[in-house]
Amino acid sequence: MDSGILIDSFADFARNKNIDRPTMIRILEDVFRTMIRKKFKVDDNFDIIINADKGDLEIWRFREIVDDNSEDIWDHDKISLTDARKIEPDFEIGEEVAEEIKLLDFGRRAVTTARQTLIQKIKDLEKDILFQKYKDLVGEIITGEVYQILSREVLLIDAEGNELIIPKNEQINKDRYRKGDAVRAIVHRVEMHNGNPRIVLSRTSPTFLERLFESEVPEVYDGLITIKNVVREPGERAKVAVESYDDRIDPVGACVGMKGSRIHSIVRELQNENIDVINFTDNMELYIARALSPAKIVSMKIDTENSRVSVYLKPDQVSLAIGKGGQNIKLASRLVGLEIDVFRELDGLEEEDVDLDEFSDEIESWIIDELKRIGLDTAKSVLKLGREDLIRRTDLEEETIDDVISVLSQEFE
């Protein structure tokens, strides 16, 4: 293989990979200098001239002519007068000899190795470029096409055919993928795995929800509305605290849009995730009250030293504050950065009875249904019946009944 064919084939390969000309020249020179060092031990007295556009390569070796008996004759940058005159008969001592080294002088094996090395360097450079490209996109939304669905991850490809990954734990539980689907997600992290860039996407990250707000709400994108915090139970519920520095803009209204037009597209993207948008405030009591919406709070006590807050509500508001599966209170706690404890506030001196449904966060629904089946729908009615009658009249195990009595008793302690 002569130098023209080698340079041309490499240049075509590099151009197909979108490698710029200066980088291509640098890689070529690095590889040829490696060849020179293998053959001649050093490369500091060699010049390499490359014209990738024409496929030209010239390698020149420069040496100073010394007397045949000189002690310096064995130096890498010296040549004896006799050897110099074999190149040009009228050379004299002290002159410099410029000798062109042909690519084939390195041997066929070295040339083949050089070609393989060039291709490998381009592939490595391509991986580095891909890594840096997506490193700069971390936290940004991109769209990929599903091409393979595995048990632990979904594989996508971007517009340039690069592989992207959404692991199971970064998928919304309700997500269903089919080959060819276009999927939106944020670039969650980029890492090198066995020398290859691994691009991990996420649809569960709070940042994904934040970026969706930026894309759907112009005031957020323009910075007129600031998203102060986002907390999520992906696919189920989310709370977003927003603030506007312009008194003329209602941040909640702008984010929700006319008749919910702006928020609806975000909700659909997140598989009908219920999104609460609330006004951020530095008034912690008001912020906590908004975070626990739609529940109405009677009073609260904030213990800043232990990062806890005790919230008191009417009995009929407790289930609203806690939410399905405890989601509302968990998200509210994470939003305000305090652990929230909910207490029922009772009117009058006598203890009120409490509906069994108010204990849905502590007692499983099928147990409550079994108690209702025998006509018990309040806490006091269950306690009044007593343990033995409960065992006899229900299909519940003794251990389960003991747990229920313990939970209900604590309510009135």
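Values in this document were obtained by computation on a predicted structure and should not be read as measured data.

What counts and how
Residues numbered from 1 in each chain as written. Predicted model: local features only at pLDDT ≥ 70, side-chain atom pairs only at ≥ 80, totals over all residues. Heavy atoms only, no water. Helix = DSSP H or I, 4+ residues; strand = E, 2+ residues; numbered from the N terminus. Rg over C-alpha atoms; globule rule 2.2 N^0.38 Å. Buried < 20%, exposed > 50% of the residue type's maximum accessible area, 1.4 Å probe, protein only. Areas by Shrake-Rupley, 256 points an atom, 1.4 Å probe, with all protein chains shown as cover. Lys, Arg positive; Asp, Glu negative; His and termini not counted. Charge placed at Lys NZ, Arg CZ, Asp CG, Glu CD. Pairing = 2+ DSSP bridges. Axes fitted to C-alpha atoms, helices over the stretch in contact; angles between N-to-C directions. Contact = heavy atoms within 4.5 Å. Left-handed = near helix turned anticlockwise from the far one by under 90°. Nonpolar A, V, L, I, M, F, W, Y, C, P; charged D, E, K, R; others polar. Core = buried A, V, L, I, M, F, W, Y, C linked by side-chain atoms within 4.5 Å. Phe/Tyr/Trp six-rings, centres within 6.5 Å; stacked < 30°, edge-to-face > 60°. Lys NZ or Arg CZ within 6 Å of the ring centre and 35° of its normal. Arc of directions from axis to C-beta. Polar contact = N/O pair within 3.5 Å; in protein donor to acceptor, adjacent residues only side chain to side chain.

(A) Layout of the overall build of the chain. Across its full length, the chain holds 15 helices and 15 strands. Relative to a compact globule of 413 residues, whose C-alpha radius of gyration would be 22 Å, the chain shows 37 Å and is clearly more extended. Based on the C-alpha atoms only, the size of the chain along its principal axes is roughly 125 × 55 × 45 Å. Evaluated residue by residue, the chain yields a buried proportion of 42% over its 413 residues. A total of about 23300 Å² of accessible surface is found on the chain, and carbon and sulfur atoms cover 45% of it. A distance of 4 Å separates the average location of the 59 positive side-chain charges in the chain from that of its 88 negative side-chain charges.

(B) Quick peek at the sheet that holds strand 11 (residues 237-244). Strand order across the open sheet formed by three strands is 10-11-12, with mixed pairing between neighbours. The open sheet has two edge strands with one neighbour each: strand 10 (225-233) and strand 12 (274-279). Adjacent strand axes in the sheet meet at a mean angle of 20°, parallel and antiparallel pairs treated alike. In terms of strand pairing, strand 11 meets strand 12 through six bridges, oriented parallel. If you follow Arg237 over to strand 12, its bridge partner there is Asn274. Together, strand 10, strand 11 and strand 12 form the strand contacts of helix 5 (residues 206-216), whose direction differs from that of strand 10 by roughly 140°.

(C) Quick look at the packing of helix 2 (residues 21-40) against helix 4 (residues 108-135). Where helix 2 meets helix 4, the closest approach of the two axes is 10 Å, and the angle between their N-to-C directions is 140°. Crossing geometry of helix 2 relative to helix 4 is assigned as right-handed. Contacts between helix 2 and helix 4 involve Thr23, Ile27, Leu28, Val31 and Met35 on the former and, on the latter, Ala110, Ala114, Thr117, Leu118, Lys121, Ile122 and Leu125. Looking at side-chain class alone, the contact of helix 2 with helix 4 contains nine nonpolar, two polar and one charged residues.

(D) Inspection of the nonpolar core at higher detail. Membership of the largest hydrophobic core comes to 24 residues, with the highest contact counts inside it found for Phe32, Leu57 and Phe106. Within the residue set of this core, elements represented by two or more residues are helix 2, strand 1 (46-51), strand 2 (56-66) and helix 4. For this core, the leading source of residues is helix 2, giving nine residues. By size, the runner-up hydrophobic cluster in this structure holds 23 residues, among which are Leu212, Ile249, Ile275 and Val277.

(E) Fine view of the packing of aromatic side chains. Taken as a whole, this structure holds four aromatic pairs when the rule is applied. A ring pair is formed by Phe40 and Phe46, whose centres lie 5.1 Å apart and whose planes are at 40°; its orientation type is tilted. The exposure class of Phe46 is buried, given its relative accessible area of 2%. Taking the centre distance of 5.0 Å and the plane angle of 75° together, the rings of Phe280 and Tyr287 count as edge-to-face. Ring pairs connect the aromatic residues Phe40, Phe46 and Phe106, which therefore count as one cluster. Over the ring of Phe40 we find Lys39; its NZ or CZ atom is 5.8 Å from the centre of that ring. The lysine or arginine in question, Lys228, covers the ring of Phe280, its NZ or CZ lying 5.1 Å from the ring centre.

(F) Local environment of the pairing of strand 13 (residues 297-303). Looking at chain direction, strand 13 and strand 14 (residues 308-313) are connected through six bridges and run antiparallel. Counted as the bridge partner of Ser299 is Tyr312 from strand 14.

(G) Quick look at the packing of helix 5 against helix 8 (residues 261-269). Put simply, helix 5 and helix 8 touch, their axes get as near as 10 Å, and they point 145° apart. Classified by chirality, the crossing of helix 8 by helix 5 is right-handed. Mapping the contact onto sequence places Phe208, Leu209, Leu212, Phe213 and Glu216 in helix 5 and Arg262, Ile263, Ser265, Ile266 and Glu269 in helix 8. Among the residues forming the contact of helix 5 with helix 8, the class breakdown is six nonpolar, one polar and three charged.

(H) Highlighting the sheet that holds strand 13. Ordered by their spatial adjacency, three strands build an open sheet running 13-14-15, and the pairing between neighbours is mixed. Of all strands in the sheet, those with a lone pairing partner are strand 13 and strand 15 (339-344), marking the two edges. This sheet shows a mean twist of 20° between the axes of neighbouring strands, independent of strand direction. As paired strands, strand 14 and strand 15 are joined by six bridges and run parallel to one another.

(I) Quick peek at helix 11 (residues 327-336). Counting buried residues in helix 11 gives eight out of ten residues, a clear majority hidden from the surface. Burial in helix 11 covers these residues: Gln327, Asn328, Ile329, Leu331, Ala332, Ser333, Leu335 and Val336. Those residues of helix 11 hidden inside the fold are in contact with strand 10, strand 11, strand 12, helix 9 (284-291), helix 10 (315-322) and strand 15. Following helix 11 by one or two positions, Gly337 adopts a phi angle in the positive range, close to 80°.

(J) Main features of helix 9. Within helix 9 the residues assigned to the buried category are Tyr287, Ile288 and Ala291. Looking down the long axis of helix 9, one finds its buried residues gathered within 100° of arc, a one-sided arrangement. For helix 9, the N-terminal cap is Asn283; the gap from its side-chain oxygen to the backbone nitrogen of Glu285 is 3.2 Å.

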